[in-house]
Amino acid sequence: MTDDARSRIDSAVKGNDVVLFMKGTPLFPQCGFSSRAVAILEHLGVEYASVDVLQDQGVRQGIKDYSDWPTIPQLYVKGEFVGGSDIMMEMYESGELGQLLQDQGVTPAH
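The present account deals with the structure reproduced in this document. (Residues numbered from 1 in each chain as written. Predicted model: local features only at pLDDT ≥ 70, side-chain atom pairs only at ≥ 80, totals over all residues. Heavy atoms only, no water.)

Thoughts on the nonpolar core
If you look at the biggest cluster of nonpolar residues, it comprises 17 residues, and the most contacted ones within it are Val18, Leu20, Leu41, Leu75, Met88, Leu97 and Leu101. Considering every element that reaches this core, the biggest residue donor is helix H2 (residues 32-44), with 4 residues. Filtering out sequence-adjacent residues up to four positions away, leucine 75 remains in contact with Val18, Val19, Leu20, Leu41, Glu80, Phe81, Val82, Gly83, Met88 and Leu97. Counting 11 residues, the second largest nonpolar core, distinct from the first, contains Ile9, Phe21, Ile72 and Tyr76. (Core = buried A, V, L, I, M, F, W, Y, C linked by side-chain atoms within 4.5 Å. Buried < 20%, exposed > 50% of the residue type's maximum accessible area, 1.4 Å probe, protein only. Helix = DSSP H or I, 4+ residues; strand = E, 2+ residues; numbered from the N terminus. Contact = heavy atoms within 4.5 Å.)

Structural data, given as C-alpha cells:
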C-alpha cells in the first residue's frame, strides 16, 4: 500500500465516527453487499461517511491490507474495524451493532 493511500484511509477512519468503505455511494451502491450495509446504517439512523473504493484503486486495495480483511464493504466505528456486510447483518439482527454505536456515543442523525 502506498503512503498516500494509507494516509487517505487513516484520515477517513480517524476523521469520522462511522465510516463505510464501499463500492459506489450510499445513493448508488454498486454491489449488493454495499447496498445491504447502507440499508443497515440507514435503518439505525446514524450519520456516517462513505468512501467509494471504485474511485481510487489505491484505497480499494489498501483498505484490505489496512484491516487485514479481504472484502468490501468495511465498516469502522470510532477508528475500530467492525466488519463486512455479513458481520454487520449478524450484529444488526442481534442488536449488537446498535448497542456498539450507542456505547461509542454515536447518536442517531436528526
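With respect to the sheet that holds strand E3 (residues 74-77)
Reading across from one edge, E2-E1-E3-E4 is the order of the 4 strands in this open sheet, with mixed pairing throughout. The sheet is open, and its two edges are formed by strand E2 (49-52) and strand E4 (80-83), each paired on a single side. In this sheet, neighbouring strand axes are inclined to one another by 25 degrees on average, regardless of whether the strands run parallel or antiparallel. Taken together, the 4 bridges between strand E1 (residues 18-22) and E3 define a ladder with antiparallel strand orientation. Counterpart to phenylalanine 21 in the pairing with E3 is glutamine 74. Where helix H4 (residues 85-94) meets the sheet, it contacts E1, E3 and E4, and its direction lies at approximately 85 degrees from that of E4. Contacting E1, E3 and E4, helix H5 (residues 96-103) crosses the sheet at an angle of about 35 degrees to E3. (Pairing = 2+ DSSP bridges. Axes fitted to C-alpha atoms, helices over the stretch in contact; angles between N-to-C directions.)

Geometry only, nothing functional implied.
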